[in-house]
Structures are given as structure tokens and as C-alpha cells.
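Coordinate inspection notes
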Amino acid sequence: MEHELSPATLSELRRPRPYPAVSVLTPTHRREPYNSQDRVRLRNVVAEAKKQLEADPAVTRERRADVEEQLDRALAEVDLTYTEDGLVIFAAPGEHQVWSLARPVPERVVLSDTFLTRNLVSAQAAERPFWVLSLSADRVTLWSGGVGRVTEEHSHGFPLVRSRENFDAERMERTGDLPSTFRDEDTRHFLRDADTAMGRLLREAPRRLYVTGETAALSLLDEIGGGIRDAVHVPHGGLTNATPETVWEAVRPVHEAEARRDTAAVAEELDSARGRRTFAAGVDELWQNAREGRVRLLAVEENYRVTVRDDGDHLVPAESTDLDSRDDIVDEIVEQCLETGAEVRFVPDGTLTDADGIAGVLRY
């Protein structure tokens, strides 16, 4: 199952497909007893997708058989052992993907010539992904972080490993030269290479970056002054070969403190916008402004969901069983804002009580 939504991956998912491109969405659960029905529910929604394929006169027999086979393959790949809060299956002629999301999705089936990506985009924004770069004199490890977890990344040239010929820690320890390791010119070149590689990655996939290592390593990185000078330093050595759990526990206090500062900064911006009359609140007002590209900053409570329908002029509250109801309007707003270059921040529940769970700062 897929977890990381890079800009390149999103672009690939959004390209047009031969009809039908099928998107199957279903909520899942992390814990018992709620997750006991996830398997049955998933099979039922895939069966519904096949039913819609069979009923669609625009789908030829050959193409229907192809897409149904892709749905079956996707279903076989689903591992609900470590399920999160939502599951998305994409299937089209000759291809399929399965995505696990740390954010609920509505149960639905969509047949189109593109995949439905807004729930993935919203989940990625809500997860507030970050990078962790762990330094030592002979190894640099990259970790990808999300909600309560990190995983090691074996991509973009990482991990970087220094050859034995250029680094002999045992010899330095025997000669008492270990403290000067990070003043060694070869070490400087090694960490400069790491800085360059990380700077390149940040341009491709910008996220907050935490750098862990001994104080001497962090100081040397500051001296180099390259593409990752804005990284948050975490003075903690010994993490280049650590477990993901150990790395997460090391960066967790710093990450949570940064999140609190972010929330406070968002609240200040919203208050300031009220005074400048560039403040908007509620799904109807934000949806109108998002479509016009007027939103500069969008703030959404982490678990805020609402079902609405479009009455022609406004979005009005609705039941999920209502005709033309839209269960994922918040995800639509998030995706639209990101598409127009807005900054999107998810904040703890209760932060935006006076704004009905969603608020924004307008460009004009």
C-alpha cells in the first residue's frame, strides 16, 4: 500500500486515463471492535464498483474485464493489519494502486477519466509530513515523518555512507583523535555532500526538516551554510543506525513544540485578518473564495467534517443520504486552496470554535 504522496506522484495520478478510471473510497478503523467489519465493507464497496462498471454502457466488455481484474488485484494487496483511517483504491485499464490514509474518507465509488485525488491531498496536508536527517561522521540517514511515526527513506541518494578508506573511527579512538572528527576536511566534504543532496530534495518535496546529531556535527553543518540552513536542530547523536521508534521519540518533543508554535501563529494571523477585513469562515464562504483563488491561508480543525449540498447559490447543511450531498467538501476546499498556492494548516480541534471549524485569510 502507498503512503507517500510526492508532487511527482500526484501529477501522475491526476493525468487523464482511458475511461473508466475507477476511484473506490472507504473509511477504515485502527482499533477493535470497529475494524472487525472493515474487510466486509471493503469487499462490498468493490462489488459496488463492479456493479457500476457493468451498468455503464460506455464501458466495453473487454475494458470492464480489465478494470475488474485490477480491482481484484488491488483488493488482494490490501493489508488491514496496520490500517489507518481511510483507504483509497484506484483502478484503470492496465493499472491499480492502493492508498492508506491517516484521515477519514467518505464511502463512495467514482467512475471518470481521472482518479479522485482530493482526499489524498487533504490527508497529506493534515499529516504535516516532515523530514529527519541524522548525521554522523561516516553515515547520514534520511527519515520520512508523519503522524506519530517515521520511516527510513532509501531514495535520493540516502543513506550516504563514507568509505572505510576515508574514515576509520577505531583508529581515531585509539589515537585519541575522535573529538576532532568533525574538524577533519574529509568529514566537512562528506557533510557538504549530505547538505547538497538534502537541499535538492527539499526543492522537490518541501517539508519541515529536523537534523539530529552530536553538537559538533550540527555546528559543522552551520559552518557549511548550505541549502538546509533553516533546519531545526535536535542535538541527539547515535540515530543514523537507530530504529524508527527511537528516532521518533528523539524528535517528538521538538516536533510537538513546533506544532504548538504553528497553531499560535495561525491564530494570530486570523485575528489580524479580522481587523483588515480579509477574514473568512465556514465552508460556504471558504468554498466561494477558494474557487476564486482568493485564499492565502486556510486553517482547518484536524477532525472537522461536514456534509453539504449545493442549492445553486450556497452550500447548505445536508444528510449523507441526501441526493447530491457532498461528504468531503472540506477535502475539496483544501485541495482547491493548495492548487491556487494557499498555505494550509490543520490545527487541534476546538481551535476554531468561533469559525465553525474552518477559517481563512484572504489575499484581497
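Because the structure is predicted, anything quoted here is derived from the model rather than measured.

**Observations concerning the pattern of salt bridges**
- Tallying each qualifying case throughout the model produces 33 salt bridges.
- Here E107 ties to R41 by a salt bridge, and the two come within 2.5 Å at their closest N and O atoms. In this pair, E107 sits in the loop between β3 (95-101) and β4 (108-112) while R41 sits in helix α2 (residues 38-55), placing the two residues 66 residues apart along the sequence.
- By relative accessible area, R41 is classed as partly exposed at 34%.
- K50 is paired through a salt bridge with D72; the nearest N and O atoms lie 2.6 Å apart.

**Observations regarding the side chain of E332**
- In this fold, E332 is placed in helix α10 (residues 329-339).
- Among the residues examined, E332 registers a relative accessible area of 11% and is labelled buried.
- Those residues within four positions of E332 in sequence are excluded, and the remaining contacts are R118, W287 and R326.

**What to know about the sheet that holds β3**
- As summarised here, the arrangement of the four strands in space is β3-β2-β1-β4, forming an open sheet in which the pairing is antiparallel. Lying at the two open borders of the sheet, with one neighbouring strand each, are β3 and β4. If you compare each strand with its neighbour and ignore which way they point, the axes differ by 10 degrees on average.
- When strand β2 (residues 86-92) meets β3, the two strands line up antiparallel, connected through seven bridges. By the bridge assignment, G86 is partnered in β3 with L101.

**A word on the pairing of strand β12 (residues 295-301)**
- Within β12, six of the seven residues are buried, which leaves it mostly tucked inside the rest of the structure.
- Both β12 and strand β15 (residues 343-347) contribute to a ladder of five bridges, which runs parallel. The residue of β15 that forms the bridge with L298 is V344.

**A short note on unusual backbone geometry**
- The omega torsion across Y19 and P20 is 5 degrees, close enough to zero to call that bond cis.
- Relative to the helices and strands, P20 resides in the loop between α1 (7-14) and β1 (21-27).
- Looking along the chain, the bond that leaves F158 and enters P159 is cis, with omega of 0 degrees.
- Within the fold, P159 resides in the loop between β7 (149-152) and β8 (160-161).
- One non-glycine residue, R128, lies in the positive phi region at around 50 degrees.
- On the secondary structure map, R128 appears in the loop between α4 (118-127) and β5 (130-135).

**Regarding the packing of aromatic side chains**
- In the structure shown here, the tally under the stated rule is three aromatic pairs.
- With a centroid separation of 4.6 Å and 20 degrees between ring planes, the pair formed by F90 and F115 is classed as stacked. A residue pair is termed long-range when its members are at least 10 positions apart, and F90 in strand β2 and F115 in the loop between β4 and α4 qualify at 25 residues. Across the pair, F115 and F90 agree in class, each one buried.
- Measuring from centroid to centroid gives 6.2 Å for F130 and W248, while their planes differ by 25 degrees, and the two rings are stacked. Separated by 118 residues along the polypeptide, F130 in strand β5 and W248 in helix α8 (residues 244-276) bring together distant segments of the chain.
- Ring pairs connect the aromatic residues F130, Y210 and W248, which therefore count as one cluster.
- Over the face of the ring belonging to W131 we find R207, whose NZ or CZ atom lies 3.9 Å from the ring centre.
- Positioned over the ring face of F279 is R274, at 4.0 Å from the centre of the ring.

**Section: the nonpolar core**
- The biggest cluster of nonpolar side chains holds 26 residues, and the ones touching the most others in it are L133, L135, V140, M198, L209 and V211.
- At the level of elements, β5, β6 (139-146), α6 (185-204), β9 (208-213) and α7 (215-224) are the ones that each hand at least two residues to this core.
- If near-sequence neighbours (up to four positions away) are discounted, L133 is found in contact with V140, T141, L142, F158, M198, L209, Y210, V211, T212 and I228.
- Formed by 23 residues, the second largest nonpolar core is a distinct cluster that contains L286, W287, I333 and V334.

**Structural notes on helix α9 (residues 283-291)**
- Listed in full, the buried residues belonging to α9 are V283, L286, W287, N289 and A290.
- Tucked inside the fold, the buried residues of α9 contact β11 (279-281), β12, β13 (308-310), β14 (315-317), α10 and β16 (358-362).
- G293 lies just past α9 and shows a positive phi near 70 degrees.

**A few points about helix α3 (residues 61-77)**
- With 17 residues, α3 should reach 24 Å at 1.5 Å per residue; the first-to-last C-alpha distance of 25 Å fits that figure.
- Inspection of α3 places V67, Q70, L71, A74 and L75 among the buried residues, and these make up the whole buried set. Down the axis of α3, the smallest arc covering the buried residues is 140 degrees, so these residues share one side. Away from its buried face, by an angle of more than 90 degrees, α3 presents the exposed residues R61, E62 and A76.
- Of the surrounding elements, those touching the buried residues of α3 are β1, α2, β2 and β3.

Here is what the cut-offs are and how they apply
Residues numbered from 1 in each chain as written. Predicted model: local features only at pLDDT ≥ 70, side-chain atom pairs only at ≥ 80, totals over all residues. Heavy atoms only, no water. Salt bridge = Lys/Arg side-chain N within 4 Å of Asp/Glu carboxyl O. Helix = DSSP H or I, 4+ residues; strand = E, 2+ residues; numbered from the N terminus. Buried < 20%, exposed > 50% of the residue type's maximum accessible area, 1.4 Å probe, protein only. Contact = heavy atoms within 4.5 Å. Pairing = 2+ DSSP bridges. Axes fitted to C-alpha atoms, helices over the stretch in contact; angles between N-to-C directions. Phe/Tyr/Trp six-rings, centres within 6.5 Å; stacked < 30°, edge-to-face > 60°. Lys NZ or Arg CZ within 6 Å of the ring centre and 35° of its normal. Core = buried A, V, L, I, M, F, W, Y, C linked by side-chain atoms within 4.5 Å. Expected span 1.5 Å × (residues − 1). Arc of directions from axis to C-beta.

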